Amino acid sequence: MLAIIDKYKEELNLMATHEQRLGDEYAKVSTEKEARERVIDSLHREAKMWMDRFVFTLNGSQELP
């Protein structure tokens, strides 16, 4: 009887460890995804700024946005 209880305790500990690793991995992936989204947003804003400047230059405007 004690052997069966010990076996299930060990399995429970393994499952808890696996669950913790999955949680850590999910947190890591979420953080990386948010960082990529911030970089993409930043690059998009910069590209828009340069396109706006290009359009103003083509239109002969002396003022830049």
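Residues numbered from 1 in each chain as written. Predicted model: local features only at pLDDT ≥ 70, side-chain atom pairs only at ≥ 80, totals over all residues. Heavy atoms only, no water.

1. A short note on the overall build of the chain
Phase 1: If you tally the helices and strands in the chain, you get one helix and zero strands.
Phase 2: Scaling as 2.2 N^0.38, a compact globule of 65 residues should have a C-alpha radius of gyration of about 11 Å, whereas the chain reaches 27 Å, well beyond that.
Phase 3: Taking all 65 residues of the chain together, 0% fall into the buried category.
Phase 4: Counting only carbon and sulfur atoms, one obtains 62% of the accessible surface of the chain, whose full area is about 6300 Å².
Phase 5: Side-chain charges in the chain split into 10 positive and 13 negative, and the spacing between the mean points of these groups amounts to 1 Å. (Helix = DSSP H or I, 4+ residues; strand = E, 2+ residues; numbered from the N terminus. Rg over C-alpha atoms; globule rule 2.2 N^0.38 Å. Buried < 20%, exposed > 50% of the residue type's maximum accessible area, 1.4 Å probe, protein only. Areas by Shrake-Rupley, 256 points an atom, 1.4 Å probe, with all protein chains shown as cover. Lys, Arg positive; Asp, Glu negative; His and termini not counted. Charge placed at Lys NZ, Arg CZ, Asp CG, Glu CD.)

2. Side note on the packing of aromatic side chains
Phase 1: Tallied over the entire structure, the rule returns zero aromatic pairs.
Phase 2: Above the face of the Tyr8 ring, Lys7 is positioned so that its terminal group lies 5.8 Å from the ring centre.
Phase 3: Between the NZ or CZ atom of Arg53 and the centre of the ring of Trp50, over which it lies, the distance is 5.2 Å. (Phe/Tyr/Trp six-rings, centres within 6.5 Å; stacked < 30°, edge-to-face > 60°. Lys NZ or Arg CZ within 6 Å of the ring centre and 35° of its normal.)

3. Brief notes about a nonpolar patch on the surface
Phase 1: On the surface, Met51, Phe54, Val55 and Leu58 cluster together into a nonpolar patch covering about 410 Å² of accessible area.
Phase 2: Relative to the helices and strands, Met51 resides in helix α1 (residues 2–58). (Patch = residues over 30% accessible without salt bridge, like charges linked within 9 Å, V, L, I, M, F, W, Y side chains within 5 Å. Salt bridge = Lys/Arg side-chain N within 4 Å of Asp/Glu carboxyl O.)

4. So, the pattern of salt bridges
Phase 1: Under the defined criterion, the tally for this structure stands at two salt bridges.
Phase 2: Of the charged contacts, one joins Lys33 and Glu37 as a salt bridge, the two residues approaching to 4.0 Å between their closest N and O atoms. Taken together, the residues span about one helical turn, with Lys33 and Glu37 both in helix α1 at a distance of four residues.
Phase 3: Under the relative-accessibility criterion, Glu37 is labelled partly exposed at 39%.

5. Section: the environment of Leu43
Phase 1: Locating Leu43 in the fold gives a position in helix α1.
Phase 2: In this structure Leu43 comes out as exposed when scored by relative accessible area, which is 53%.
Phase 3: Between the C-alpha atom of Leu43 and that of Thr57, which follows or precedes it by 14 residues, the distance is 21 Å.

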